[in-house]
Amino acid sequence: MSVTSLPTPPPAPFPDGYDVRARVTELRLSAFAGHRRAAFPLGAVTLFAGPSGSGKSTALAAYEALARLGGGAALAEVFPDPSAWVPDRARPDAEGRRGFRIGCTADGAGGPVQLDVAVQAEPRLRVVGERLSAGGVVLLETALRDPGRRTVQAAWHTAGAAPVTRAPLPDDVLGTTLLPLRVAGKTDGQRRVLAAAEQMVVALRSVFPCDPAPARMRVPVPAGSGRLLPGCDNLADVLSRTRTECGRRHAQLVEVVRAGCAGPVTDLAAERLRNGTVRALLDRGDGHRTELSRLGDGELRYVALALVLLTGPGVLEVDAPGEVPDALRTLTVLADGFDRCLDPGQRTQLLATASRMGERGHIRCVGAISDPGWAAGTPGVTVVHLRP
């Protein structure tokens, strides 16, 4: 194992218009399920497109896995069935070991930072290698030295009296997430390591996987925290909060809902019932209100995704780093089946909303669709074409 030790250059000034918010700009699937040697650029709005079996959901699953690992989750929580992600034709080595490799690039104030992780899935789930690098300098590298121990040997850039620092780290979590607890930050090299690790962790933690479930959205829900769940089950409870907290955003939501739902819509409201539960309603403007439970699956998914795109970390059930100012972070929404159940008008309007929010920089969206034709050429949208 060798960690490059070079003098730490002074920070370069940011060019005009440079976005300093931490965000993931590339997803790498070196060997993950059906993907090999794949690298996908991620823009403000990115849609993976292709037929069934092309790996759209797999790419989003890899992104979500990295996000959970970046939040400090253990490997066993993130990969309950790790063998499912081993490439189909991967052969075990002499010790019967097989695994997979994933990684990403996070851009931000420190420039591009790369993270690559090798995971052993069989016979025992563990991290066997991890590399964090920036500007051609390897800042952290880990490797499995003794298979009998539940640790990996780690070395991180110091650029002080000793060029690197070495220590064992646990093999069931991402070493990058542990660096702020292990690196003192006394030298320029150590501060560079900390800045890169923190940028990567902030970019990964600011992720909200969302797959609205219409069947669960039709049922009145107990009043709760007002933070939206990934399945949008508690949409009515969230509406009761957002409607009073930000009139401007609520007006934008009503405008988007009006464009995608049948019949007139003048408001989107929440009503508390006698039993303490909350239900959502469409105000038709003539004194009549329609329960959201009466809407079709496409309308419900449309309303839920519009709400997600027009809110932020304070409303979504996401483990966002609270110590980082909003101006330095971006929330990324992962939407598998972005256009599922939507008619052409709904999907076009929803994509336009995602693009508009992406331009502002605080909300990014990565989704999966089957037919790329309707989305191709949309300003601000990157379409990644996949084939089985």
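Rules behind the numbers
- Residues numbered from 1 in each chain as written.
- Predicted model: local features only at pLDDT ≥ 70, side-chain atom pairs only at ≥ 80, totals over all residues.
- Heavy atoms only, no water.
- Pairing = 2+ DSSP bridges.
- Helix = DSSP H or I, 4+ residues; strand = E, 2+ residues; numbered from the N terminus.
- Axes fitted to C-alpha atoms, helices over the stretch in contact; angles between N-to-C directions.
- Contact = heavy atoms within 4.5 Å.
- Core = buried A, V, L, I, M, F, W, Y, C linked by side-chain atoms within 4.5 Å.
- Buried < 20%, exposed > 50% of the residue type's maximum accessible area, 1.4 Å probe, protein only.
- 1 Å grid on protein atoms, 1.4 Å probe; cavity = no way out; pocket = protein on both sides within 12 Å on 5 of 7 lines; lining within 4 Å.
- Points joined across faces, edges and corners; volume = space filled by probe spheres on them.
- Nonpolar A, V, L, I, M, F, W, Y, C, P; charged D, E, K, R; others polar.
- Patch = residues over 30% accessible without salt bridge, like charges linked within 9 Å, V, L, I, M, F, W, Y side chains within 5 Å.
- Areas by Shrake-Rupley, 256 points an atom, 1.4 Å probe, with all protein chains shown as cover.
- Salt bridge = Lys/Arg side-chain N within 4 Å of Asp/Glu carboxyl O.
- Lys, Arg positive; Asp, Glu negative; His and termini not counted.
- Charge placed at Lys NZ, Arg CZ, Asp CG, Glu CD.

(A) Broad picture of the sheet that holds strand S15 (residues 331–335). In space, the 5 strands of this open sheet follow the order S10-S15-S16-S3-S17, with parallel pairing throughout. At either margin of the open sheet sits one strand with a lone partner, and together these are strand S10 (207–209) and strand S17 (381–385). Mean inter-strand twist for the sheet, computed between neighbouring axes without regard to direction, equals 15 degrees. Of the pairings in the sheet, the one linking strand S3 (residues 45–49) to strand S16 (residues 363–369) comprises 5 bridges and is parallel in character. When the sheet's bridge partners are listed, Ala49 is paired in S16 with Ile369. Against the sheet, helix H1 (residues 56–70) makes contact with S3, S10, S15 and S16, and its axis sits at roughly 145 degrees relative to S16, the strand it touches most.

(B) Inspection of the nonpolar core at higher detail. One finds Leu29, Phe48, Phe79 and Leu132 to be the most contacted residues of the largest nonpolar core, which totals 63 residues. If we skip the residues at most four places from it in the chain, Leu132 touches Val113, Gln114, Leu115, Val137, Val138, Leu139, Leu140, Thr176, Leu179, Ala196, Ala197 and Met200. Listed in part, the 53 residues of the second largest apolar core include Val303, Leu316, Phe338 and Ala354.

(C) Empty space enclosed by the protein, seen in detail. By the definition in use, this model includes 1 cavity of 30 Å³ or more. In this structure, the largest cavity occupies an estimated 40 Å³ of space. Residue lining of the largest cavity: Leu305, Val308, Leu309, Val333, Ala335, Phe338 and Cys365, and that is the complete set. Elements represented by at least two residues in the lining of the largest cavity include exactly helix H8 (297–309) and S15. A per-element tally of the lining of the largest cavity places H8 first, with 3 residues. Here the lining of the largest cavity is built from residues that sort into 7 nonpolar, no polar and no charged.

(D) Structural detail: a positive patch on the surface. Residues Arg248, Arg249, Arg356 and Arg360 make up a contiguous surface patch of positive charge. Taken together, the elements giving at least two residues each to the positive patch come down to helix H7 (247–260) and helix H9 (344–360). Residue position: Arg249 is located in helix H7. Owing to a relative accessible area of 34%, Arg249 belongs among the partly exposed residues under this scheme.

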